[in-house]
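# Topology and contacts: notes
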Amino acid sequence: MNTTRRGFLRTTAAATVVGAVGLPHIARAAAPRFVVVGGGPAGATAAKYLKRYAPGATVTLIEANPTYTTCFMSNEVIGGDRDFATLQVGYEGLEAHGVTVMHDLVTGIDPDAKTVATQGGESVQFDRCIVAPGIDFKYDAIEGYSAEAAEVMPHAWKAGPQTTLLRSQLEAMEDGGTVIVAAPPNPFRCPPGPYERICLIANYLKQHKPKSKIIVLDAKDKFSKMPLFTQAWEMFYGYGTDNSMIEWVSKADGGTVTGVNPETMEVTAVAGSFKGDVVNIIPPQHAGTIAHTAGLVEDGWAPVNKGTFESLVVPGVHVLGDSSVAASMPKSGSSANSQGKALAAGALALAMDQEPPVPHLANACYSIGGPEHGFSVAAVYSYDDFENALKPVEGSGGVSPIDASPESRRRELFYAHSWFENIKADAWG
Amino acid sequence: MGTRHKGLRPLAAALVLGCVAMATPALAQSDDMADPTVEVMAGACTFCHGTDGNGIGAAIPSITGLPSDQFIYMMETYQDDSNPSTVMGRIARGYSESQIEDLAVYFGDKPFERPAQPWIDETMIAEGKELAAEYCESCHENEGRDGEGVGILAGQKLQYMRFSVDDFLSGAREMERRQARKFRDLMEDHGDEGFEKILNYYASVK
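Just so you know, these numbers come straight off a predicted model, no measurement behind them. (Residues numbered from 1 in each chain as written. Chains lettered and ligands numbered in written order. Predicted model: local features only at pLDDT ≥ 70, side-chain atom pairs only at ≥ 80, totals over all residues.)

### Overview of the domain arrangement of chain B
Residue and element names in this part refer to chain B. For chain B, the domain assignment lists domain 1 (10-108) and domain 2 (122-204). Contacts between the two partners involve 11 residues from domain 1 and, on the opposite side, 12 residues from domain 2. When grouped by side-chain class, the residues that make up the side of domain 1 that touches domain 2 number six nonpolar, five polar and no charged. (Domains from an automatic or database assignment. Contact = placed C-beta atoms within 7 Å. Nonpolar A, V, L, I, M, F, W, Y, C, P; charged D, E, K, R; others polar.)

Okay, structure coming up:
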C-alpha cells in the first residue's frame, strides 16, 4: 500500500459524488459490493456506515433472525427492571439506508470465488466480505453442559429466549433459594456483564426473596471494574458481612467450573460441588461458528489488522465485533460500533485500492450496580500500524472514581439508559 | 447555560479556520463523506450522542450545530475537569487540540435535530416561555436556538439541561457574572420550579 491518504481522500470523494449522482466512470471502484454476515451491533453498524460513506456501494446483510435482541441491558430484564421488548430491534432502518437484508444463514465463504453461500441455497458475490457472527460457546469445556443443558441451566449470554428463561426461573424460585452464576475465563463478550448481572439479580432478590443467596463461581481472580462492583455489593447486598447475599468464589479459591448435572442441578467446580435452584452457566467462549468454518480463526478468535479489521488469515475478508482480536479494546457493543465505522471506511478504501484511514476509536461501557447507581469504563484508542495495536491514548480513559458522589452514580444510570437508546439508533436506525 | 468566557479563544478560532482551509482542497467535501479519518473519529462520539450527534435519549446532549469555539470550549473544560462530568473528562483527554478542532467543524456543520421528548411536562411550557423571556432570552436568543458563546437550549435534552443547571447552582461549574445574576434572581423569584418550567419549555422548542 503506497498510495497516500490524500490520494484516498480524493478518490473517495470523487467516487461517492459519482455514486450519488449516476455511476460509474471509475469501473469497479465506483460500486464495490460488500456482504455483511451477521446483524448484531457490529454487522449492523458496518452495513449502515458503508452505505452512508458510499451510497453507490452494494451492501447485503445476511442475518438468520428477523429481529435482533441486544445483549446490552438484558441484565435489566433478568433483574425485572426492563421490558424484554425494548431489547428488540428490526432491520427496517438498515433497509431504509439502502442495505439489502437477507434473512438466511451463511454456511460458507469462498475467498477465491468471492462468494458467500447460504442455507437457503443463495450465492452472493462480494468484493469484500465482513464477518460479524459474535461469539459461540465452548460447551465441551464444561462436562455435561450443552445447548440442551442450557434449556435447564441457561447461559443467557446471547439475549433472546435464554434471557426470558433465566428471568422466569428467578421469578419461580422460592425465597431462600440459591442462585449459582458461573463466570467465564478471559476473553469473553462483555467483561463487566456477569458482575452487573449479579448486582441486578441481587437487587431483585433483596426486594422479593431476601433470604436467597447468590454463589458466584469464577474462573478468574480479577474482573472488570472489580473495585466498583465490590463497592456496590457492599453498599446494597451486604457483601463482606455475615449477612451477604453474594458469595464470590475466585479461581484461586477453586471457582472454575468443570462440570454440571442438569438433572440434579449440581455444579462441579475445582473447590467442590454446589447445588443451585437457579443455575446460570456463562461458558468459556470463542468466535462465532462461521468464523471457524471460513478458516478465519486462530486460538479461538480471528486475528485482524486492527486498522481495517481485515483478516490476517484470509485476505479480502474482514472480521468485526466480538469474534475478532481487537485488544486492547474490550468486546463490547460500543467497541463494535466504533470499530464498525473504521471497518466501513477501511474496507471501502481497500476496495478501491486506496490507503485506509488510521482510526482513532473509543469505548464506553456502563454498568448498573443497584438503584440509582451506575458506573462506567471508557477509553480512547489510537491505532499503531507498526505494532498492529489499538493503544489507549495516554492520559485518557479509566473507570468511574471509587469515591464518586451518589449524584454522580445516579447520573451514570441516566447516561447508561440514554446510551442504550442512542446506540440502538446508531447501529440499526 | 453553557456560558463561556467571551473572546477567550481567538487563536483556536483562527486554527479552526486554518484547518478547514487545509482540509478542504479541490476534493471539497462530498455530501456523503468528509475526511475519512474525521468520519471514523466522529463515529466514536455517536454511539453515545446518536447518529450525526443527534441522540434520542433524555440525558445525553445533542452535540451538533455549535459554533466551533463553543464545542472546543466544552471539550477543553471537560479535559481539565473545570466542567464536571461523569465520563466526558476521561474521553475528552483522548483527543488532541487539532482532533478536537476537526470534531468541532464536523459536528458544527450538522443540523441540530429536535426529535420529540415524550417526558416533557407540557403544562409547564407556557409559563416557562414567559420566564425564559425574562431571565434567559437576552443571551439565549431566538428561543434558545442561538446566541453568542452559549449552548443551544432549543430542543436540547431535558435531563441533560437539568444536570447542567444543578452543576451551575451547586457551584461545581463556574458561571459568568451575568448568568450568575440571572440564576440568583430566578431562584429568588420562582425557586426550583421556575428552572423546571424554563427547561421544559426549552426542551419543547422545535
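### As for the sheet that holds strand β9 (residues 128-131) of chain A
Residues and elements named next belong to chain A. Spatial ordering of the open sheet is given by β5-β2-β1-β9-β20, a layout of five strands whose pairing is parallel. At either margin of the open sheet sits one strand with a lone partner, and together these are β5 (100-102) and β20 (317-319). When strand polarity is set aside, the average angle formed by the axes of neighbouring strands in this sheet is 20°. Summarising the sheet, strand β1 (residues 33-37) and β9 pair through four bridges and their orientation is parallel. Residue F34 lies in a different strand from β9, and its bridge partner there is R128. (Pairing = 2+ DSSP bridges. Helix = DSSP H or I, 4+ residues; strand = E, 2+ residues; numbered from the N terminus. Axes fitted to C-alpha atoms, helices over the stretch in contact; angles between N-to-C directions.)

### A few points about the confidence of the model for chain B
In the predicted model, chain B carries a mean pLDDT of 87, and 84% of its residues have values of at least 70. Predicted as a complex, the structure gets a pTM of 0.91 and an ipTM equal to 0.91. (pLDDT = per-residue confidence, 0-100.)

### Here's the deal with the packing of helix α11 (residues 406-428) of chain A against helix α2 (residues 36-49) of chain B
Direction vectors running N to C along α11 of chain A and α2 of chain B enclose 125°, while the axes themselves pass 6 Å from each other. Overall, the two elements α11 of chain A and α2 of chain B adopt an arrangement that is oblique. Along the contact surface, α11 of chain A presents W419, N422, I423 and D426 of chain A, while α2 of chain B presents T46, F47, C48 and H49 of chain B. A class-by-class count of the residues in the contact of α11 of chain A with α2 of chain B yields four nonpolar, three polar and one charged. (Parallel < 35°, antiparallel > 145°, perpendicular 65-115°, else oblique.)

### Focus on the nonpolar core
Residues and elements named next belong to chain A. By size, the foremost hydrophobic cluster in this structure holds 185 residues, and its most contacted members are V37, A46, L50, I130, V131 and L348. With 10 residues, the single largest contributor to this core is helix α10 (residues 333-351). Filtering out sequence-adjacent residues up to four positions away, L50 remains in contact with F34, A57, V59, A344 and L348. (Core = buried A, V, L, I, M, F, W, Y, C linked by C-beta atoms within 7 Å. Buried ≥ 20, exposed ≤ 12 C-beta atoms within 10 Å, placed from the backbone.)

### Quick word on helix α8 (residues 158-170) of chain B
With 13 residues, α8 of chain B ought to run about 18 Å at 1.5 Å a step, and its terminal C-alpha atoms sit 18 Å apart, in line with that. Residues L158, Q159, Y160, M161 and F163 of chain B constitute the buried set of α8 of chain B. Close packing links the buried residues of α8 of chain B with α11 of chain A together with α9 (177-204) of chain B. Looking one or two places after α8 of chain B, you find G171 of chain B, whose phi comes out positive at around 90°. (Expected span 1.5 Å × (residues − 1).)

### Section: the pairing of β9 of chain A
Residue and element names in this part refer to chain A. Of the two faces of β9, the one lined by R128 and I130 and the one lined by C129 and V131 are each fully buried. As paired elements, β9 and β20 share three bridges and run parallel to each other. Note on β20: the bridge partner recorded for I130 is H318.

### Regarding the sheet that holds strand β7 (residues 115-118) of chain A
Residues and elements named next belong to chain A. The three strands lie next to each other as β6-β7-β8, forming an open sheet whose pairing is antiparallel. The open sheet has two edge strands with one neighbour each: β6 (106-110) and β8 (123-125). Strand after strand, the sheet turns through a mean of 20° between neighbouring axes, direction not considered. Here β7 pairs with β8 via three bridges, running antiparallel.

### A short note on the environment of M235 of chain A
Residues and elements named next belong to chain A. Mapped onto the fold, M235 is located in helix α8 (residues 226-237). For M235, a count of 14 C-beta atoms within 10 Å translates into the label partly exposed. C-alpha of M235 to C-alpha of E174: the two residues are 61 residues apart in sequence and 25 Å apart in space.

### A look at the pairing of strand β23 (residues 373-384) of chain A
Residues and elements named next belong to chain A. Burial within β23 is extensive, with 11 of its 12 residues counted as buried. Linkage of strand β22 (residues 360-370) to β23, two consecutive antiparallel strands, is achieved through a turn of two residues, within which E372 is found at a positive phi near 50°. Pairing analysis gives two bridges linking β23 to strand β25 (residues 398-399), with the strands arranged antiparallel. Of the residues in β25, the one forming a bridge with A378 is G398. As defined by bridge partners, β23 adjoins strand β24 (residues 389-392) across four bridges and the pair is classed as antiparallel. Within β24, the position partnered with Y381 by the bridge is P392.

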